[in-house]
Amino acid sequence: MQFEKDFFLGAATAAHQVEGGNIHSDYWAQEHMVHTDFLEPSGDAVDHYHRYTEDIRLMAQAGLNAYRFSIEWARIEPEEGQFDEAQVLHYRDVINTCRENGIEPVVTLLHFTSPKWLISKGGWESDETPGYFARYTRYVMERLGADLRYVCTINEANMGIQVAAIAKRYMQQMMAKMQAAGTDGLAAAGGGKAQDTTVQMGLNLEKMLANQKAAEAERMELFGVPKTECFTSPRTPHGDEIVMEAHKAARAVIRKLMPHVRVGLTLSLHDIQALPGGEERAAKEWDEEFLHYLPAIKDDDFLGVQNYTRTRMDASGTLPVPDGAEVTQMDYEFYPQALANVLRRVAADFKGDLLVTENGIATSDDNRRVAFLQTALCGVKSCLEENLPVKGYFYWSLLDNFEWQKGYSMTFGLIAVDRTTQTRHPKESLTYLGSYHG
């Protein structure tokens, strides 16, 4: 079973997770706080900043024909209004290396991390941020846009809303535990493991919430604000509107400067399944996760679909992973069937092209990664047979990398990395994925 030659079959990364040394970003600052939410700092990551040529060649040798990567805003504009031309040249080299190896570069302009200065000015709850993002987009597109055909403005534009929802759920659970435990409630509530497998990124939720008070003074010292409104911080409804305004502003810049470039954003989407009694809750969840974004994205050229698992809901709300089900390192249910279900559901309402911009599994057993890929790709193939406009599949991730607050403990990659030497060790799954290219 192979895809057509013009189908994008590739892998994805995010700059902060693989490049290393992203010293001007909000995440770098937070990783080095005393009261940090991160298990460890990103450091030199997997040194993709210097080793991108080797990594791109490994993709090409395996048979992949596309690479989704992000440009780091904090490198391009390390201080407000001060742009670093040398960093633009770096990303031009990455793009050129892709082209030289028969790899289509698909660029994301914002993948979670922002310049530290932006957070000091109110971050992703400030009405000024769409203007700053449009200015950054203009700078990048004027210099790199002629060499690109696909640009994602914002990665997982709905992430902040998802984080807000799980933070609310967690606090409700803790309050319920405290009330049930009586006078010793606080100690009892803190004794459990905080998990929420519905958010598709590496969060250390328990530490994040426990640190809130202790970190306020430190944040004030670092950022000049007691509450950092980063892209992945719990987001208000107004903040959600700001993200959409930033996307629309960037889209307008891209279309004016580079009308040949196809533009869209990506969303974190679950296969939301309603059990008896859960139909209303499931419908509300899908509206919050996808449908309410349609007015802002209906004119986009494509939508990046990012899916890792399913969510089951009944009358009581979101259900845990079924007893006995296989789970990944991220505590997600192993459920690669979810991707095809999501693609079909999205295609019913969004009429542009679809790119699977992320889909993957964190596991130390590469045989399970191959099994995951086999089922997921079979689902994509069935969607194509149904004439759904799916134009590409990007596995997450090309490399074992820095999984945000969870550090280097999660292994999603098609390529393992010995971080003491930065030596690359391609896994069988890389070759397996490449075998699907026609």
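Placed above this text is the structure.
Chemist: Can you break down the overall build of the protein chain residue by residue, with the values?
Modeler: Looking only at helices and strands, one finds 17 helices and 13 strands in the protein chain. A globule of 438 residues ought to have a C-alpha radius of gyration of about 22 Å, and the protein chain, at 21 Å, matches this closely. Taking the principal axes of its C-alpha atoms as reference, the protein chain extends roughly 65 × 50 × 45 Å. When the 438 residues of the protein chain are sorted by exposure, 60% land in the buried category. Relative to all contacts within the protein chain whose residues are 6 or more apart in sequence, the contacts with residues 24 or more apart total 80%. Within the structure as shown, the protein chain displays about 16800 Å² of accessible surface, and the carbon and sulfur contribution to it stands at 51%. Between the centroid of the 43 positive side chains of the protein chain and the centroid of its 62 negative side chains there is a distance of 3 Å.

Chemist: So what about the environment of His90? Which residues, and what values?
Modeler: Checked against the element boundaries, His90 lands in helix 5 (residues 85-100). Classification of His90 by relative accessible area gives buried; the value is 8%. Each C-alpha atom, one on His90 and one on Tyr49, is 8.5 Å from the other, the two residues being 41 residues apart in sequence.

Chemist: Hey, could you go over the sheet that holds strand 2 (residues 66-70) for me, with residue numbers and the actual values?
Modeler: Each strand in a sheet pairs with its neighbour through backbone hydrogen bonds, running either in the same direction (parallel) or in the opposite one (antiparallel). Taken together, eight strands build a closed barrel; the order of strands is 1-2-3-4-5-7-10-11 and the barrel is parallel. Recorded for the sheet is a direction-independent mean angle of 25° between the axes of neighbouring strands. Relative to strand 5 (residues 262-268), strand 4 (residues 150-154) runs parallel, the two being bridged by three bridges. When the sheet's bridge partners are listed, Cys152 is paired in strand 5 with Gly264.

Chemist: So, the environment of Thr411: which residues are in play, and what are the values?
Modeler: Structurally, Thr411 is set in the loop between strand 11 (390-396) and strand 12 (415-418). Thr411 gets classed as buried once you look at its relative accessible area, which sits at 18%. For Thr411 and Cys152, which are 259 residues apart along the polypeptide, the C-alpha to C-alpha distance reads 25 Å. Ignoring anything within four residues of it in the chain, the contact list for Thr411 reads Gln329, Ile361, Ala362, Thr363, Ser364, Arg369, Asp400 and Lys427.

Chemist: Would you mind going over the pattern of salt bridges in detail, with residue names and values included?
Modeler: Counted according to the given criterion, the structure contains 25 salt bridges. With a shortest N-O distance of 3.6 Å, Arg219 and Asp37 are connected by a salt bridge. A residue pair is termed long-range when its members are at least 10 positions apart, and Arg219 in helix 11 (residues 212-223) and Asp37 in the loop between helix 2 (26-31) and helix 3 (48-62) qualify at 182 residues. Arg219 gets classed as buried once you look at its relative accessible area, which sits at 10%. Here Glu77 and Arg135 are joined by a salt bridge, their closest N and O atoms 2.6 Å apart. With Glu77 in the loop between helix 4 (73-76) and helix 5 and Arg135 in helix 7 (residues 129-144), this pair connects stretches of sequence that are 58 residues apart.

Chemist: Provide a residue-level description of unusual backbone geometry, including the pertinent values.
Modeler: Here the residue pair Trp396 and Ser397 is connected by a cis peptide bond, since its omega of 10° sits within 30 degrees of zero. With respect to the element layout, Ser397 can be found in the loop between strand 11 and strand 12. We note that Asp331 has phi near 70°; this positive angle belongs to a residue other than glycine. Considering the arrangement of structural elements, one finds Asp331 in the loop between strand 9 (317-318) and helix 15 (338-347). Of note in this structure, Gln422 is not a glycine but carries a positive phi near 60°. Note on placement: Gln422 falls in the loop between strand 12 and strand 13 (423-426).

Definitions and limits used
- Residues numbered from 1 in each chain as written.
- Predicted model: local features only at pLDDT ≥ 70, side-chain atom pairs only at ≥ 80, totals over all residues.
- Heavy atoms only, no water.
- Helix = DSSP H or I, 4+ residues; strand = E, 2+ residues; numbered from the N terminus.
- Rg over C-alpha atoms; globule rule 2.2 N^0.38 Å.
- Buried < 20%, exposed > 50% of the residue type's maximum accessible area, 1.4 Å probe, protein only.
- Contact = heavy atoms within 4.5 Å.
- Areas by Shrake-Rupley, 256 points an atom, 1.4 Å probe, with all protein chains shown as cover.
- Lys, Arg positive; Asp, Glu negative; His and termini not counted.
- Charge placed at Lys NZ, Arg CZ, Asp CG, Glu CD.
- Pairing = 2+ DSSP bridges.
- Axes fitted to C-alpha atoms, helices over the stretch in contact; angles between N-to-C directions.
- Salt bridge = Lys/Arg side-chain N within 4 Å of Asp/Glu carboxyl O.

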